[in-house]
Amino acid sequence: MAPIKITTKEQAEEFLSKFDFFIFDCDGVLWQGDVLLPYAKEALELLRSKGKKLIFVTNNSTKSRKAYAKKFAKLGIEVSPEEVFGSAYSAAIYLKKVVNFPSDKKVLVLGESGIEEELDSEGIRYVVGTDPDYRRDITPADYENIVVDPTIGCVLSGLDTHINYLKLSHALIQLQNPETLFLATNIDSTYPTNGKLFPGAGTMCAPLILASRRQPISLGKPSQAMMDCVKAKYDFDPVRACMVGDRLDTDIKFGRSGGLGTLFVLTGVHQEADALAELEDSAPHFYMTKLGDIYELLK
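None of the values given here were measured: they were computed from a predicted structure. Every chain is numbered independently, its residues counted from 1 as its sequence is written. Only residues with pLDDT of 70 or above have their local features reported here, since the model is predicted, and side-chain atom pairs are shown and tallied only from 80 upward, although totals for entire chains, interfaces and linings are computed over all residues. Excluding hydrogens and water, the side-chain figures rest on all heavy atoms present in the structure.

Peer 1: So, the overall build of the protein: which residues are in play, and what are the values?
Peer 2: Within the protein, the secondary structure is distributed over twelve helices and 16 strands. The C-alpha atoms of the protein give a radius of gyration of 20 Å, which matches the 19 Å a tight globule of 299 residues would have. In terms of principal-axis extent, the alpha carbons of the protein reach across some 70 × 35 × 35 Å. With a 1.4 Å probe rolled over the protein chains alone, any residue whose accessible area is under 20% of its type maximum counts as buried; one over 50% counts as exposed, and the rest are partly exposed. Relative to its full complement of 299 residues, the protein shows a buried share of 53%. A sequence separation of at least 24 residues applies to 70% of the contacts in the protein between residues at least 6 apart. In these tables, accessible area is a Shrake-Rupley quantity obtained with a 1.4 Å probe, and a residue counts as shielded only by the protein chains included in the view. Roughly 13300 Å² of accessible area belongs to the protein as shown, and the carbon and sulfur atoms make up 52% of that amount. Within this scheme the basic residues Lys and Arg register as positive and the acidic residues Asp and Glu register as negative, but His and the chain ends are omitted. Here the site of a charge means atom NZ of a Lys, CZ of an Arg, CG of an Asp or CD of a Glu. Computing the positive centroid from 34 side-chain charges and the negative centroid from 41, the protein places the two 2 Å apart. Numbering goes from the N terminus for both helices and strands, where a helix is a DSSP run of H or I of at least four residues and a strand is a run of E of at least two. C-alpha atoms define the radius of gyration in this analysis, and the globule rule sets the expected value at 2.2 Å times the number of residues to the power 0.38. By definition in these notes, contact holds between two residues if any of their heavy atoms fall within 4.5 Å.

Peer 1: Before we move on, could you go through the packing of helix α7 (residues 165–175) against helix α8 (residues 202–212) and cite the residues and values that matter?
Peer 2: Fitted lines through C-alpha atoms give the axes, limited to the stretch in contact for helices. The angle between two N-to-C directions lies from 0 to 180 degrees. Running from N to C, α7 and α8 point in directions that differ by 40°, and their axes come no closer than 10 Å. The orientation of α7 relative to α8 falls into the category oblique. Crossing hand, α7 versus α8: right-handed. Taken together, the residues of α8 that come into contact with α7 (itself represented by Leu168, Ala171, Leu172 and Leu175) are Met204, Pro207, Leu208, Ala211 and Ser212. Grouping the amino acids of the contact of α7 with α8 by side-chain chemistry returns eight nonpolar, one polar and no charged. Convention used here: angles under 35 degrees read as roughly parallel, angles over 145 as roughly antiparallel, angles from 65 to 115 as roughly perpendicular, and any remaining angle as oblique. Less than a right angle of anticlockwise turn of the near helix away from the far helix marks a crossing as left-handed, whereas a clockwise turn marks it as right-handed. Residues are grouped as follows: nonpolar covers Ala, Val, Leu, Ile, Met, Phe, Trp, Tyr, Cys and Pro; charged covers Asp, Glu, Lys and Arg; every other residue, Gly included, is treated as polar.

Peer 1: Lay out the pairing of strand β11 (residues 190–193) in plain terms, naming residues and giving numbers.
Peer 2: Think of it this way: DSSP has to see at least two bridges between two strands before they count as a pair. As judged from the four bridges shared by β11 and strand β12 (residues 196–199), these two strands associate in the antiparallel manner. Considered in β12, the bridge of Tyr191 is made with Phe198. Once β11 ends, the chain turns through two residues before running back antiparallel as β12, passing Asn194 with a positive phi of about 55°.

Peer 1: Describe the sheet that holds strand β7 (residues 106–110), with residues and values.
Peer 2: By way of backbone hydrogen bonds, the strands of a sheet pair with one another, either parallel or antiparallel. Reading across the sheet, the five strands line up as β8-β7-β9-β10-β13 and stay open at both edges, with parallel pairing between neighbours. At either end of the open sheet lies a strand with only one pairing partner, and these are β8 (125–128) and β13 (217–218). Against the sheet, helix α4 (residues 87–98) makes contact with β7, β9 (152–157), β10 (181–184) and β13, and its axis sits at roughly 150° relative to β10, the strand it touches most. Sitting on the sheet, α7 is in contact with β7, β8, β9 and β10, with an inclination near 140° to β7.

Peer 1: Now, about the sheet that holds strand β16 (residues 286–288): what can you tell me, with residues and values included?
Peer 2: The seven strands are arranged β1-β16-β15-β14-β2-β5-β6 in an open sheet whose pairing can be described as parallel. Two strands bound the open sheet, and with one partner strand each, they are β1 (4–5) and β6 (84–86). Sheet topology places strand β2 (residues 21–24) next to strand β14 (residues 241–245); four bridges connect them, and they run parallel. Each bridged residue has a counterpart across the sheet, and for Phe22 the counterpart in β14 is Cys242.

Peer 1: Please provide a residue-by-residue account of helix α1 (residues 9–17), values included.
Peer 2: Those residues of α1 that fall on the buried side of the exposure criterion are Ala12, Phe15 and Leu16. For α1, the arc enclosing every buried residue in end-on projection is 95°, short of the 170-degree limit, so these residues lie on one face. By definition, the arc is the one covered by directions from the helix axis to the C-beta atoms.

Peer 1: Any details on the state of the cysteines? Residues and values, ideally.
Peer 2: Formally, a disulfide is one covalent bond, and it connects the sulfur atom of one cysteine to the sulfur atom of another. When the sulfur atoms of two cysteines come within 2.5 Å, that pair is taken as a disulfide. Under the counting rule described, the total for this entry stands at zero disulfides. Of all cysteine sulfurs, the one in Cys154 lies closest to Cys229, which takes part in no disulfide; the gap is 14 Å. With relative accessibility at 12%, the residue Cys229 sits in the buried group.

Quick look at the structure:
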């Protein structure tokens, strides 16, 4: 069935009547970079005024839930950390609750402070990450000194804006131990911001996948491991829930695979022609030009 484009007040009202619970992607849906998209704030306020429950799920692992709440506040949107579910938090929950990560083991992090803050919140120790000692060129001595560390039980790869050969070398050596877990906050190929596409978190772990011949468990969209964590935390009826996103291969596929309704907006990576051409598992149920259309149609 072809996706329905919402262009009238009647269509918007009918759409809202179907759902009580909305899951929003952030980048490309609510904002681009640090710029709020037109009427996105008003659309969220309208949904809250109608008693809708809102949460915000993002694959961006560079910020923790608290940091994301601060970004919302800076943009004039009131959101609590409990309403934010990021891929960094998803990875921390997976380690703590799903695999019962041993307390005497550490995680080797390729990523930013968002991952570290979420690991801290679950009492999980880590190395590398934002440690400045690893932000340098590799030396001849490193080739001799980098060895398997038996205290490291997991390599966790996220978006790392300071990725380098030294960090990748440490991670690869650990992955040569088959008992070391290999996790990724997400495997997005690109990171959309400021109206452009930059390398995503998937490009950080791609060299490790090639070199280790191992595939990471992804804890971001569209992974159902992430959806299971979201469902467990918020306890909602998928039939009455809607995933709102700008990427068909992550956001929309994430929603459809989880049994949710889906709303696609054209303010991010993919466009209308992409939505109309998509296969069923990542084709949206509804779409509109931007999230703010809801407010403009119903104000």
